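Structural description and commentary
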Amino acid sequence: MPPGVGQFTELLDALACGAVLIGRGGVIVHVNPRACSMTGYAADSLVGRRLSDLYDEPEDKVLIDLALSDTTEPREGQFHVPTAAGRQIPVVISGRTWHADKTNGSAAGGEAYYAITLTDISPLKKAEDDLRTQYRIIAELSNTILSQALNLKDYSHELEARVRERTADLLQANMDAIYMLAIASESKDEDTGRHVRRMQHYTAAVATELGLTARGAEQAGYSAILHDIGKIHVPDHILKKPGPLTASERAAIQQHTIAGERILAERPFFEVARQIARSHHENWDGSGYPDKLAGREIPIEARIVHLADVYDALTSPRIYKGAWTAQDAAAVIEESTAAMFDPEIVKAFTSLRKRGELDRIAAMGTKGEGPKQ
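**A word on the overall build of the protein**
- Check the secondary structure of the protein and you find 15 helices and 5 strands.
- In the protein, which comprises 373 residues, the share counted as buried stands at 38%.
- The contacts of the protein with a sequence gap of at least 6 include a subset with a gap of at least 24, amounting to 52%.
- About 20800 Å² of surface is accessible on the protein, with carbon and sulfur atoms providing 56% of the total.

**Regarding the packing of helix α12 (residues 300–315) against helix α13 (residues 326–335)**
- Interaxial distance between α12 and α13 falls to 9 Å at its minimum, and their mutual angle equals 145°. The handedness of the crossing between α12 and α13 is right-handed. Here Leu 307, Val 310, Tyr 311, Leu 314 and Thr 315 of α12 lie close against α13, whose contacting residues are Ala 326, Ala 329, Ala 330, Val 332 and Ile 333.
- For the contact of α12 with α13, the residue count by class is 9 nonpolar, 1 polar and no charged.

**Topic: the packing of aromatic side chains**
- Here the structure, examined in full by the defined rule, presents 7 aromatic pairs.
- Relative to Tyr 113, the ring of Trp 98 has its centre 5.9 Å away and its plane inclined at 35°; by these criteria the two rings are tilted. Here Trp 98 is found in strand β4 (residues 88–100), whereas its partner Tyr 113 is found in strand β5 (residues 111–120), with 15 residues between them in sequence.
- With a relative accessible area of 7%, Tyr 113 lands in the buried category.
- Ring plane angle 90° and centroid distance 5.3 Å describe the contact between Phe 269 and Phe 270, whose orientation is recorded as edge-to-face. For the pair Phe 269 and Phe 270, one class covers both residues: buried.
- Taken together, the aromatic side chains of Phe 8, Trp 98 and Tyr 113 make up a single cluster linked through ring pairs.

**So, unusual backbone geometry**
- In this model, Tyr 289 is joined to Pro 290 through a cis peptide bond whose omega is 10°.
- Looking at the element boundaries, Pro 290 is found in the loop between α11 (271–279) and α12.
- Of note, Lys 292 is a non-glycine position whose phi angle comes to about 55°, a positive value.
- If you trace the backbone, Lys 292 turns up in the loop between α11 and α12.
- Taking the relative accessible area as the measure of exposure, Lys 292 reaches 52% and is therefore exposed.
- Residues other than glycine seldom take positive phi values, yet Ala 338 does so here, at roughly 75°.
- Structurally, Ala 338 is set in the loop between α13 and α14 (343–354).

**What about the pattern of salt bridges?**
- Summed over all chains, the structure comprises 14 salt bridges.
- Put simply, Arg 278 and Glu 261 hold a salt bridge, and the shortest N to O gap is 2.6 Å. Taken together, the residues span a long stretch of sequence, with Arg 278 in helix α11 and Glu 261 in helix α10 (residues 256–263) at a distance of 17 residues.
- Measuring nitrogen to oxygen at the nearest pair gives 2.7 Å for the salt bridge that ties Arg 303 to Asp 342.

**Comments concerning the pairing of strand β2 (residues 28–31)**
- As defined by bridge partners, strand β1 (residues 18–22) adjoins β2 across 3 bridges and the pair is classed as antiparallel. Residue pairing for β2: Val 20 is matched across the bridge by Val 31.
- Linkage of β1 to β2, two consecutive antiparallel strands, is achieved through a turn of 5 residues, within which Gly 25 is found at a positive phi near 75°.

**Side note on the nonpolar core**
- The biggest cluster of nonpolar side chains holds 27 residues, and the ones touching the most others in it are Leu 307, Tyr 311, Ile 333 and Phe 349.
- Of all the secondary structure elements, the ones that give two or more residues to this core are α6 (192–210), α7 (214–224), α11, α12, α13, α14 and α15 (357–365).
- Broken down by element, the residue count for this core peaks at 7 residues, all from α12.
- With residues near it in sequence (within four places) discarded, Phe 349 still touches Leu 307, Tyr 311, Ala 330, Ile 333 and Leu 358.

**With respect to the confidence of the model for the protein**
- Here the protein averages 84 in pLDDT, while 82% of its residues score no lower than 70.
- The lowest-confidence element of the protein is helix α5 (residues 122–186), averaging 71 in pLDDT; the highest-confidence one is α14, averaging 97.
- In the model, residues 102–109 has pLDDT below 50 throughout and makes 15 contacts with residues more than four positions away in sequence or in other chains.

**Focus on α14**
- Helix length check: α14, at 12 residues, gives a terminal C-alpha distance of 16 Å against a target of 16 Å (1.5 Å per residue), a fit within 8%.
- Taken together, the buried positions of α14 are occupied by Ile 345, Val 346, Ala 348, Phe 349, Thr 350 and Leu 352.
- For α14, the capping residue at the N-terminal end is Asp 342, with a side-chain oxygen 2.9 Å from the backbone nitrogen of Glu 344.

**A short note on the side chain of His 30**
- Mapped onto the elements of the fold, His 30 is located in strand β2.
- Reaching out from His 30, the side chain makes a polar contact with the side chain of Asp 13 at a distance of 2.7 Å.

Rules used in this analysis
Residues numbered from 1 in each chain as written. Predicted model: local features only at pLDDT ≥ 70, side-chain atom pairs only at ≥ 80, totals over all residues. Heavy atoms only, no water. Helix = DSSP H or I, 4+ residues; strand = E, 2+ residues; numbered from the N terminus. Buried < 20%, exposed > 50% of the residue type's maximum accessible area, 1.4 Å probe, protein only. Contact = heavy atoms within 4.5 Å. Areas by Shrake-Rupley, 256 points an atom, 1.4 Å probe, with all protein chains shown as cover. Axes fitted to C-alpha atoms, helices over the stretch in contact; angles between N-to-C directions. Left-handed = near helix turned anticlockwise from the far one by under 90°. Nonpolar A, V, L, I, M, F, W, Y, C, P; charged D, E, K, R; others polar. Phe/Tyr/Trp six-rings, centres within 6.5 Å; stacked < 30°, edge-to-face > 60°. Salt bridge = Lys/Arg side-chain N within 4 Å of Asp/Glu carboxyl O. Pairing = 2+ DSSP bridges. Core = buried A, V, L, I, M, F, W, Y, C linked by side-chain atoms within 4.5 Å. pLDDT = per-residue confidence, 0-100. Expected span 1.5 Å × (residues − 1). Polar contact = N/O pair within 3.5 Å; in protein donor to acceptor, adjacent residues only side chain to side chain.

Written out as structure tokens, the structure is:
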């Protein structure tokens, strides 16, 4: 062993990783036990040989000679080392220059050596290979699943079409039930189908103007058709009475809100209709019936129907009065803002009236448009 390197080789031998000490000309000066165990070479078979001579591939030799031609800079990176059995082990290398003093072994000048540590990363490489294999398997499975999904696409479209068709059929069946119930409740009124149609369109138009979704406005509209369903339980002589009502007669009429809610039962489809039936005579200031609700306690659909019902009642002839002009009816509604009606709903109603939307709906209703069969 060259003079001045004994203490340094002892340090290399104590390392938990492989270590090689390279001298002048790239010749191996020392190999620690970990490096011998890693490669399967005995230390005596390596010491005195040029490091590049251990490699068969010309590219490897060139890389090693190039690296050892300038050992002034530290080096880090991945490489591989040959084994006595002819395999190659992937390693992380770290190279540093060490100067030995020929007299006392201190690092204060003298011969320059290059110390290389070798960390076996075979387990990591195996894990990488396993991950690549798993990724390839997953990719193949994904391709298979995608192919199956594409094959099912047409079938899925067919099922979606069937669901849409059945949903449309169910909606139409519910709408038929709504119109039949509405006509039954309004059968004592000469305006029958026209009134419920106008109520549907007035309500949907105001709901849209307020910013409800298209679905919400549509639902409010067809639910408004059933607002007076409870009048089925009110005697004819009270509904058709041309003069003022007595207190008991008025109380009987007011019960139609509770009766309407009860008639519509608990089916989810009629949830909004139930709220409208019960609360469409509640006033914004809390003076309405049957629950004395006020402000936003009243469901918004019921607030809209309340205004639409009053407007249609004022502009339509009744047994006890003639039809008012649209302008006179609108004036009464605007005067009742914040008392009977929600100010925001009155604002939306006024905007629709100024654009002529209410006149268009009223004109539709006068043409005798009845329930669609």
